[in-house]
Amino acid sequence: MSELFINVVLYAKQGREQELHEALKVVVEASRKEEGALRYELFRDQADPRRFIFLEHWASLELREKHHNHGPHIKHFETHHADAVERREAAYFMDSAA
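Since this is a predicted model, take the numbers as computed values, not measurements.

Colleague: Please explain the nonpolar core as it appears in this structure.
Modeller: For soluble globular proteins, nonpolar side chains are generally found buried alongside one another. Membership of the largest hydrophobic core comes to 19 residues, with the highest contact counts inside it found for Leu-10, Leu-20, Leu-24, Tyr-40, Phe-54, Trp-58 and Phe-77. Mapped onto this core, the elements with two or more residues apiece are β1 (4-12), α1 (17-31), β2 (37-44), β3 (51-58) and α3 (72-80). The contacts of Phe-54, once residues within four sequence positions are left out, are Ile-6, Asn-7, Val-8, Leu-10, Leu-24, Val-28, Tyr-40, Glu-41 and Leu-42.

Colleague: I would appreciate a short explanation of the packing of aromatic side chains in the present structure.
Modeller: Following the criterion strictly, the structure yields 2 aromatic pairs and no others. With centroids separated by 5.7 Å and ring planes inclined at 65°, the aromatic side chains of Tyr-40 and Phe-54 adopt a geometry described as edge-to-face. Here Tyr-40, found in strand β2, pairs with Phe-54, found in strand β3; they are 14 residues apart in sequence, far enough to count as distant. An identical accessibility class is assigned to Tyr-40 and Phe-54; each is buried. Measuring from centroid to centroid gives 6.1 Å for Tyr-40 and Trp-58, while their planes differ by 85°, and the two rings are edge-to-face. Linking Tyr-40 in strand β2 with Trp-58 in strand β3, this pair joins segments that are 18 residues apart in sequence. Each member of the pair Tyr-40 and Trp-58 is classed as buried. Three or more aromatic residues joined by ring pairs form one cluster here, namely Tyr-40, Phe-54 and Trp-58. The side chain of Arg-87 reaches across the aromatic face of Tyr-11, ending 4.1 Å from its centre.

Colleague: Can you walk me through the sheet that holds β1 in this structure?
Modeller: The strands that make up a sheet pair up through hydrogen bonds in the backbone, lying either parallel or antiparallel. Ordered in space as β2-β3-β1-β4, the 4 strands form an open sheet in which the pairing is antiparallel. Of all the strands in the sheet, just β2 and β4 (85-94) have a single pairing partner and so form its edges. Along the sheet, successive strands turn relative to each other by an average axial angle of 15°, direction set aside. Here β1 runs beside β4; their pairing, made up of 8 bridges, is antiparallel. Bridged to Leu-10 within β4 is Arg-88.

Thresholds applied
- Residues numbered from 1 in each chain as written.
- Predicted model: local features only at pLDDT ≥ 70, side-chain atom pairs only at ≥ 80, totals over all residues.
- Heavy atoms only, no water.
- Core = buried A, V, L, I, M, F, W, Y, C linked by side-chain atoms within 4.5 Å.
- Buried < 20%, exposed > 50% of the residue type's maximum accessible area, 1.4 Å probe, protein only.
- Helix = DSSP H or I, 4+ residues; strand = E, 2+ residues; numbered from the N terminus.
- Contact = heavy atoms within 4.5 Å.
- Phe/Tyr/Trp six-rings, centres within 6.5 Å; stacked < 30°, edge-to-face > 60°.
- Lys NZ or Arg CZ within 6 Å of the ring centre and 35° of its normal.
- Pairing = 2+ DSSP bridges.
- Axes fitted to C-alpha atoms, helices over the stretch in contact; angles between N-to-C directions.

Written out as C-alpha coordinates, the structure reads:
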(Lines give C-alpha, C1' and ligand atoms only; values in the text may rest on other atoms or scores of the structure.)
Protein backbone atom coordinates (compact mmCIF):
# COMPACT_ATOMS: atom_id res chain seq x y z
CA MET A 1 0.00 0.00 0.00
CA SER A 2 1.42 3.37 -0.98
CA GLU A 3 0.42 6.80 0.23
CA LEU A 4 -2.04 8.82 -1.81
CA PHE A 5 -2.38 12.59 -2.23
CA ILE A 6 -5.61 14.11 -3.49
CA ASN A 7 -6.57 17.59 -4.58
CA VAL A 8 -10.27 18.27 -5.26
CA VAL A 9 -11.83 21.58 -6.28
CA LEU A 10 -15.55 22.19 -5.71
CA TYR A 11 -17.49 25.22 -6.86
CA ALA A 12 -20.54 26.37 -4.86
CA LYS A 13 -23.83 27.40 -6.37
CA GLN A 14 -24.44 31.15 -6.30
CA GLY A 15 -25.86 32.19 -2.93
CA ARG A 16 -25.07 28.86 -1.26
CA GLU A 17 -21.41 29.47 -0.53
CA GLN A 18 -21.81 29.73 3.24
CA GLU A 19 -24.05 26.66 3.43
CA LEU A 20 -21.48 24.65 1.50
CA HIS A 21 -18.64 26.01 3.61
CA GLU A 22 -20.34 24.97 6.85
CA ALA A 23 -21.14 21.50 5.48
CA LEU A 24 -17.58 20.98 4.25
CA LYS A 25 -16.15 21.97 7.63
CA VAL A 26 -18.17 19.14 9.21
CA VAL A 27 -16.81 16.71 6.61
CA VAL A 28 -13.25 17.86 7.29
CA GLU A 29 -13.53 17.53 11.06
CA ALA A 30 -14.87 13.96 10.84
CA SER A 31 -12.48 12.94 8.06
CA ARG A 32 -9.41 13.98 10.04
CA LYS A 33 -10.32 11.35 12.65
CA GLU A 34 -10.53 8.48 10.18
CA GLU A 35 -8.04 5.65 9.94
CA GLY A 36 -5.44 6.47 7.32
CA ALA A 37 -6.13 10.20 7.11
CA LEU A 38 -2.68 11.79 7.37
CA ARG A 39 -3.83 15.24 6.27
CA TYR A 40 -7.25 16.59 5.35
CA GLU A 41 -7.43 20.33 4.69
CA LEU A 42 -10.01 22.67 3.22
CA PHE A 43 -9.13 25.97 1.58
CA ARG A 44 -11.20 28.77 0.06
CA ASP A 45 -10.01 30.72 -2.95
CA GLN A 46 -9.24 34.35 -2.04
CA ALA A 47 -10.21 35.53 -5.52
CA ASP A 48 -13.46 33.55 -5.71
CA PRO A 49 -15.24 32.58 -2.45
CA ARG A 50 -17.37 30.06 -4.32
CA ARG A 51 -14.29 27.86 -4.93
CA PHE A 52 -13.26 25.32 -2.24
CA ILE A 53 -10.11 23.24 -2.47
CA PHE A 54 -9.41 20.03 -0.59
CA LEU A 55 -5.90 18.80 0.06
CA GLU A 56 -5.89 15.22 1.29
CA HIS A 57 -3.09 12.83 2.22
CA TRP A 58 -4.03 9.22 2.87
CA ALA A 59 -1.98 6.27 4.05
CA SER A 60 -3.39 4.20 1.17
CA LEU A 61 -5.93 4.20 -1.63
CA GLU A 62 -7.86 1.48 0.20
CA LEU A 63 -8.32 3.62 3.31
CA ARG A 64 -9.33 6.61 1.21
CA GLU A 65 -11.90 4.48 -0.62
CA LYS A 66 -13.28 3.25 2.72
CA HIS A 67 -13.65 6.91 3.76
CA HIS A 68 -15.27 8.00 0.52
CA ASN A 69 -17.61 5.03 0.05
CA HIS A 70 -18.61 4.24 3.63
CA GLY A 71 -18.00 7.30 5.81
CA PRO A 72 -21.27 8.33 7.49
CA HIS A 73 -20.30 12.01 7.26
CA ILE A 74 -19.74 11.62 3.52
CA LYS A 75 -23.15 9.95 3.12
CA HIS A 76 -24.75 12.76 5.15
CA PHE A 77 -23.10 15.39 2.95
CA GLU A 78 -24.22 13.64 -0.23
CA THR A 79 -27.81 13.40 1.01
CA HIS A 80 -28.18 16.88 2.52
CA HIS A 81 -25.65 19.26 0.96
CA ALA A 82 -24.32 17.97 -2.37
CA ASP A 83 -26.92 20.04 -4.19
CA ALA A 84 -25.07 23.17 -3.00
CA VAL A 85 -22.19 22.19 -5.32
CA GLU A 86 -22.48 23.66 -8.81
CA ARG A 87 -19.63 21.54 -10.15
CA ARG A 88 -16.48 19.66 -9.34
CA GLU A 89 -13.81 21.56 -11.23
CA ALA A 90 -10.97 19.12 -10.70
CA ALA A 91 -9.94 15.96 -8.92
CA TYR A 92 -6.31 14.88 -8.91
CA PHE A 93 -5.11 11.60 -7.40
CA MET A 94 -1.35 11.86 -7.03
CA ASP A 95 1.77 10.03 -5.95
CA SER A 96 4.65 11.86 -4.36
CA ALA A 97 7.24 12.72 -7.00
CA ALA A 98 9.97 13.87 -4.63
